[in-house]
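Survey of secondary and tertiary structure
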Amino acid sequence: MLNTENPKTLVDVDNYLTPTYARDYFTVPNDDLTIEQESKDPRTVQQGIFNRIDLDARNSSDLGSCICDYMDPECDEIVKRAIGKVYIDHSEYPQTSALGEAVPAMIQQWYGGTPLTKAGENNHRIIGTVTIGSSEAIMLALIAHRQNWYDAWFEVYKNSNADSEQWIHDRPLLMYARDVHTCWNKYSLYYNVPALVFNLSDDNYLIDPAQADKYLRMSIYDVFSAAVNNDETAGRFYEVIQQELRLPQVLTNGTTQQIAYAKNRYLHQLVCCVGGVIGTTFTGQGDPIEELNNVLAQIRADTGSFIPIHVDAASGGFVVPFTNPDEQDFKWTFTLPHVSSINVSNHKFGMVYPGCGTVVFRNEDVVRPELIYKITYLGGNFTDYTVNFSRGSSMVLAAYYNLKRFGLNGFEKINTQCVANTQYLAGKIATVSDSTNGNLFTVISDTTHYPMVVWQLKSGVDVNWTLTQLSNLLQESGWKLPAYQLPYTSSEVPDGPYVMRVVTRQDVSAEKIDLLVEDIQSAVNTLEAQSAFIVSPEGKKFLRKEQKRVAYVGSGDYR
Ligand SMILES: Cc1ncc(COP(=O)(O)O)c(C=O)c1O
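What this report covers is the structure whose coordinates are included nearby. (Residues numbered from 1 in each chain as written. Predicted model: local features only at pLDDT ≥ 70, side-chain atom pairs only at ≥ 80, totals over all residues. Heavy atoms only, no water.)

For helix H12 (residues 256-264), the full list of buried residues reads Gln258, Ile259, Tyr261 and Ala262. End-on, the buried residues of H12 take up no more than an arc of 160°, which puts them together on one face. Facing away from the buried surface of H12 by more than 90 degrees, the exposed residues are Thr256 and Asn264. On its buried side, H12 packs onto helix H7 (164-169), helix H10 (220-228) and helix H13 (267-270). (Buried < 20%, exposed > 50% of the residue type's maximum accessible area, 1.4 Å probe, protein only. Helix = DSSP H or I, 4+ residues; strand = E, 2+ residues; numbered from the N terminus. Arc of directions from axis to C-beta. Contact = heavy atoms within 4.5 Å.)

So, in structure tokens, the structure goes:
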């Protein structure tokens, strides 16, 4: 019973009865950046936040995103129940931890890894970790490979009378192509592991194993000499090496020791990991991991250097096992001896809400014991190999739920259906046309294996509008379809052709595809009508809407 004599209760009654939208909150401009002194009632603040986030795109119309936003209602209940549970305190929440550790264990075995042994378990070794997403997963893998490089390097040099130049200059490098996700560059920058990055071109959107072979076999001096002879890749590689290994810009000006070092040091001795992607973000293709493995195996046979591959299977890892069963078309898992670690995004085609990825290792020896933290202060004794410390348990349990609930057959049914819809969409995109060029688009993604349709304007097509304009116009019909430039020679300022991308997630049904392609065709018609051009007597083209501004001044000149 409310006590209306009590002033505090009166305030509560007033608060309770005032309709939400009659509150000051909705008439006073909100300052996002200041914590106010007074509290507010929860219903008002909740409605205020709902109003803001409802302005965002719905995930279902954001077709460029791989992220899952639908799970079983039964899993929603698990998510709610575990929402306040932290996933780090393994002695407080041993059952949650056991289910969480089962996630990488299941995935690692699925990819052909060697399971954790009893001895490994007793010695706190690991074969994988659940992470916040693929970025953290990739970082953990690259940290492990960098550490292995240092350990191997130290083993060789600690007892030798090695030339001190090696101690001064040697440091681990990464090698990958510009088709990797930006989180690879982030790792390189944040963890200070310089990367030798191959540029891409119209002919090749993927890493070229022959190029990797060529440069890995070069000494630093060879790279310098090739750079002097205008080899563009060598030029960029030498710039990284010179800066990061503290060598002179012009090596011929170096000391006798520096030149001797550069002649004896080969890139295969410095590269601690080569990266490849199964399901590239930009073009929806797979790097040739098997060919890369073969190159590295031959380098190992010829030189003794073992270079591991990390496979970024963020978007492909839950799909390719079904579109490429038994690795019949290409190998990419632990069946290849150089593949030492793989990451996958549970929150993409593992169909978990955002906030879960997994990294798995070939065996328990990949992550050195010194990288595995022994946590004792939380009242137990357990190990941790993560970048973050505290994280929520809900998405970890959701990942476990899906693995149990779907099983391989369930994942196969959903994800092969996604790829069937990929092919359906690709077929329809190829028919979008205008009245002068006919069919406008070429699909460049690998629609046999990956759930992504990426297309660009066909070469020779002549239109007076851009894919960015098409993307903007489609927003009027509610679709978010990114138009972006492929990163050919720069990841920060992409300079390749423009493409558009649809990720054919589980909710991108055939019905939705029909509606989308109708809207794309109608947007193309609108753009064509808006940008129809006139041709001058000399054959010059002018946009019709600019006609009034154009004056013919003779001799073929228009001003
Ligand atoms: C190939 C690839 N690798 C890594 C990532 C980063 O994953 P996350 O967003 O889970 O950190 C993405 C994200 O889209 C990706 O497509």
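Let us look at the pattern of salt bridges. In total, this model carries 17 salt bridges according to the counting rule given. Two residues, Glu36 and Lys40, come together in a salt bridge whose shortest N-O distance is 2.5 Å. The exposure class of Glu36 is partly exposed, given its relative accessible area of 42%. The exposure class assigned to Lys40 is partly exposed, which follows from its relative accessible area of 38%. In this structure, Asp170 and Arg265 form a salt bridge, with 2.6 Å as the shortest nitrogen-oxygen distance. Residue Asp170 is found in the loop between H7 and strand S2 (173-177), and its partner Arg265 is found in the loop between H12 and H13; the two are separated by 95 residues along the sequence. Of the residues examined, Asp170 reaches a relative accessible area of 7% and is grouped as buried. Given the relative accessible area of 4%, Arg265 is considered buried. (Salt bridge = Lys/Arg side-chain N within 4 Å of Asp/Glu carboxyl O.)

Glancing now at the nonpolar core. Judged by nonpolar contacts, the single largest core of 118 residues is most densely connected at Met175, Ile220, Leu267 and Trp332. Of the residues forming this core, the biggest block, 11 residues, is contributed by helix H6 (residues 134-157). In contact with Leu267, other than residues within four places in its own chain, are Leu196, Tyr215, Leu216, Met218, Ile220, Val223, Phe237 and Ile241. Listed in part, the 28 residues of the second largest apolar core include Ala426, Trp479, Ile513 and Ile520. (Core = buried A, V, L, I, M, F, W, Y, C linked by side-chain atoms within 4.5 Å.)

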